[in-house]
Amino acid sequence: MTNEDVVRLTDRYVASTYGRFPIAIVKGEGSRVWDANGKEYLDFVSGLAVCNLGHCHPAVVRAIKEQAERLIHISNLYYIAPQAELAELLCKNSFAEKVFFCNSGAEANEAAIKLARKYFHDCGEERFQVISMEKSFHGRTMGAMAATGQKKVQRGFEPLLERFVYVPFNDIDAVEKAVTDKIAAVIVEPIQGEGGVNLPHEDYLRALKKLCEDAGILLIFDEVQVGMGRTGVLFAHEHYGAEPDIMTIAKGLAGGAAIGAMLATERVASAFTPGSHASTFGGNPIATAAGVAALRATIAEDMLGNCSKVGSYLIERLNDLIGVYPFVREVRGKGLIVALELTIPGADIVNRCLGNGLLINCTAERVLRFLPPLNVTEAEVDEGLGILKTVMDGLS
Ligand SMILES: *Cc1c(COP(=O)(O)O)cnc(C)c1O
């Protein structure tokens, strides 16, 4: 099938929930992908922060192949070996003591919200509301959508699940004012991804932690996008010296395989008991075997070190563009989640980059977002930015 064949079939038979670029990517290796017509692209999107180890990392491919030959699915009625292994790896490398596995970021957040409610139910406290941030993104299911502080995500699906209160990101006083005896938890992305790569003030997460502790409520970090090494540490909150009670992860967890997970301290997780929550595919052998391989490779191949080093390089090179192009406003980021904020909409630049063989993404309308694999090289960054500059030269 050519690009055109895939586009025609998709538009005819697949629900049109996505505004797609008219290419079908059929192959990937490292930081590069190829479309159905054979055109090569440098990929600085990584499936939206999913393929953190690059496309088809050999260790992940091997783990999936070997697991597929042995056992593809068995229910959580039984114990699952790679699930146990991945849970141990995650706990040994984080604040957490227990893991619940599911299949996506939204599902991980649903589990977090349910756990917060169950925890206070078991404590005999009537706390069921959650404070969430404006410009946040937590997913598209009913609960995760209600948690998402963006009207454009919620429009047309009202009435929302009640019990969410929205406050501005980075405003600790606003959170303090929103806390009542009905509040169970605060949910926050340590760095807002979809909202435009918004970084927290240096002491914001620590202040949130203290506020939650003093008020006796739970702190939930949504690390679905910025976790799993994306910022140069395994979990973004490690930069800011504050640990949550509950954390959700998904995107980069299994080197491209579909997975989600909710991690918690023992004290909080103990509110989940047999029958409390479940997922047919959650923690399945293929996804968790891929997760084990991905996490081991992330550590063994020093992806975190490379991410910090090349991330700083990317930020420096993007900073060089300020003053050169009148429509470039600001660069911000941490590790390899990097934003170039423009004064103009970014869609046209993204389209032209694609035509020139570079995949980048635009979020929050004016924010070009760069999410290359964590093992991207400085030479590949130079190559990508060369394409970006050619495109921008054509605009000014
Ligand atoms: C992508 C994302 C989600 C939703 O993940 P899905 O797997 O699409 O459900 C939730 N939270 C954050 C921060 C995300 O970036």
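Residues numbered from 1 in each chain as written. Predicted model: local features only at pLDDT ≥ 70, side-chain atom pairs only at ≥ 80, totals over all residues. Heavy atoms only, no water.

How big an interface is tends to be reported as the loss of accessible area on association of its parts. Taken domain by domain, the chain holds domain 1 (3-56 + 302-395) and domain 2 (58-300). Distance between the C-alpha centres of domain 1 and domain 2: 26 Å. Taken together, the contact between domain 1 and domain 2 spans 28 residues of the former and 32 residues of the latter. Buried surface at the junction of domain 1 and domain 2, both sides included, amounts to about 2300 Å², of which 58% is carbon and sulfur. (Domains from an automatic or database assignment. Contact = heavy atoms within 4.5 Å. Buried area = accessible area lost by both parts, 1.4 Å probe.)

We now examine the site of the ligand. Around the ligand sit Ser104, Gly105, Ala106, Asn109, Phe137, His138, Gly139, Glu189, Asp222, Val224, Gln225 and Lys251, and that is every residue in its neighbourhood. Backbone polar atom of glycine 105 to an oxygen atom of the ligand: 2.8 Å apart, as the coordinates give it. When isolated, the ligand has an accessible area of 390 Å², and the protein chains bury 81% of it. A molecule is said to occupy a pocket when more than half its atoms come within 2 Å of that pocket's grid points, and by this definition the ligand occupies the largest pocket. Per element, the largest residue contribution to the shell around the ligand is three residues, and it comes from helix H5 (residues 105-123). Here the residues of the shell around the ligand are counted per class, giving three nonpolar, six polar and three charged. (Near = heavy atom within 4 Å. Polar contact = N/O pair within 3.5 Å; in protein donor to acceptor, adjacent residues only side chain to side chain. Areas by Shrake-Rupley, 256 points an atom, 1.4 Å probe, with all protein chains shown as cover. 1 Å grid on protein atoms, 1.4 Å probe; cavity = no way out; pocket = protein on both sides within 12 Å on 5 of 7 lines; lining within 4 Å. Sits in = over half its atoms within 2 Å of the grid points. Helix = DSSP H or I, 4+ residues; strand = E, 2+ residues; numbered from the N terminus. Nonpolar A, V, L, I, M, F, W, Y, C, P; charged D, E, K, R; others polar.)

When its volume is computed, the largest pocket comes out at roughly 1800 Å³. Along the wall of the largest pocket there are 47 residues; nearest its centre are Tyr18, Gly47, Leu48, Glu194 and Asn361. When residues in the lining of the largest pocket are grouped by element, the largest group, four residues, is from helix H13 (residues 347-355). Among the residues forming the lining of the largest pocket, the class breakdown is 24 nonpolar, 14 polar and nine charged. Shared between two domains, the lining of the largest pocket takes at least three residues from each, and those domains are domain 1 (3-56 + 302-395) and domain 2 (58-300). Of the pockets and cavities examined, the second largest pocket occupies roughly 940 Å³. Elements supplying a minimum of two residues to the lining of the second largest pocket: helix H4 (81-92), strand E4 (98-102) and strand E10 (260-264). (Points joined across faces, edges and corners; volume = space filled by probe spheres on them.)

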